[in-house]
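Coordinates in review
One letter stands for each residue in the lines below.
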Amino acid sequence: MNKLLLVKEIYVEAFRDWTYKILNRYFKAFSWFCFALLAIAAYALIYRISTGFAFV
């Protein structure tokens, strides 16, 4: 049982910081993706307004 607890402690210590790094990169990529989608939507709206599109 003692060896099992030692292996568990080594595993937890080795992968403790991974979740933070993975989540940090995920949220950074997700925020850039959302910013790109908002930029595309703003461009489409400005393009439609400038060309005289009827929004009715």
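Each remark here, short or long, concerns the structure printed above.
Here's a quick rundown of the structure. (Residues numbered from 1 in each chain as written. Predicted model: local features only at pLDDT ≥ 70, side-chain atom pairs only at ≥ 80, totals over all residues. Heavy atoms only, no water.)

**A closer look at the overall build of the protein**
Scanning the protein from N- to C-terminus turns up 2 helices and 0 strands. Here the protein has a C-alpha radius of gyration of 24 Å; the compact-globule value for 56 residues is 10 Å, and the former is much larger. Along the first, second and third principal axes, the C-alpha set of the protein runs to 75 × 20 × 5 Å. Split into buried and exposed, the 56 residues of the protein put 0% on the buried side. For the protein, the accessible area works out to roughly 5,800 Å², and carbon and sulfur atoms hold 73% of it. (Helix = DSSP H or I, 4+ residues; strand = E, 2+ residues; numbered from the N terminus. Rg over C-alpha atoms; globule rule 2.2 N^0.38 Å. Buried < 20%, exposed > 50% of the residue type's maximum accessible area, 1.4 Å probe, protein only. Areas by Shrake-Rupley, 256 points an atom, 1.4 Å probe, with all protein chains shown as cover.)

**Observations regarding the packing of aromatic side chains**
Under the definition given, this model contains 4 aromatic pairs. Ring geometry for Trp-32 versus Phe-35: centroids 6.0 Å apart, planes at 85°, classification edge-to-face. Taken together, the positions of Trp-32 and Phe-35, both in helix α2 (residues 18-50) and 3 residues apart, correspond to about one turn of that helix. Each member of the pair, Trp-32 together with Phe-35, is exposed. Ring pairs connect the aromatic residues Tyr-26, Phe-27 and Phe-30, which therefore count as one cluster. Here the basic side chain of Arg-48 rests over the ring of Phe-53, its NZ or CZ set 4.8 Å away from the ring centre. (Phe/Tyr/Trp six-rings, centres within 6.5 Å; stacked < 30°, edge-to-face > 60°. Lys NZ or Arg CZ within 6 Å of the ring centre and 35° of its normal.)

**Quick word on α2**
Between its first and last C-alpha atoms α2 spans 48 Å; for 33 residues at 1.5 Å apiece the expected length is 48 Å, and the two agree. Positioned one or two residues after α2, Gly-52 has a phi angle of 80°, which is positive. (Expected span 1.5 Å × (residues − 1).)

**Remarks on a nonpolar patch on the surface**
On the surface, Leu-23, Tyr-26, Phe-27, Phe-30, Phe-33, Leu-37 and Ile-40 cluster together into a nonpolar patch covering about 760 Å² of accessible area. The residue Phe-27 is located in helix α2 in this model. (Patch = residues over 30% accessible without salt bridge, like charges linked within 9 Å, V, L, I, M, F, W, Y side chains within 5 Å. Salt bridge = Lys/Arg side-chain N within 4 Å of Asp/Glu carboxyl O.)

**Concerning the environment of Cys-34**
Of note, Cys-34 is situated in helix α2. Using a relative accessible area of 29% as the deciding quantity, one classes Cys-34 as partly exposed. Along the sequence, Cys-34 and Ala-54 sit 20 residues apart, while their C-alpha atoms lie 27 Å from each other.

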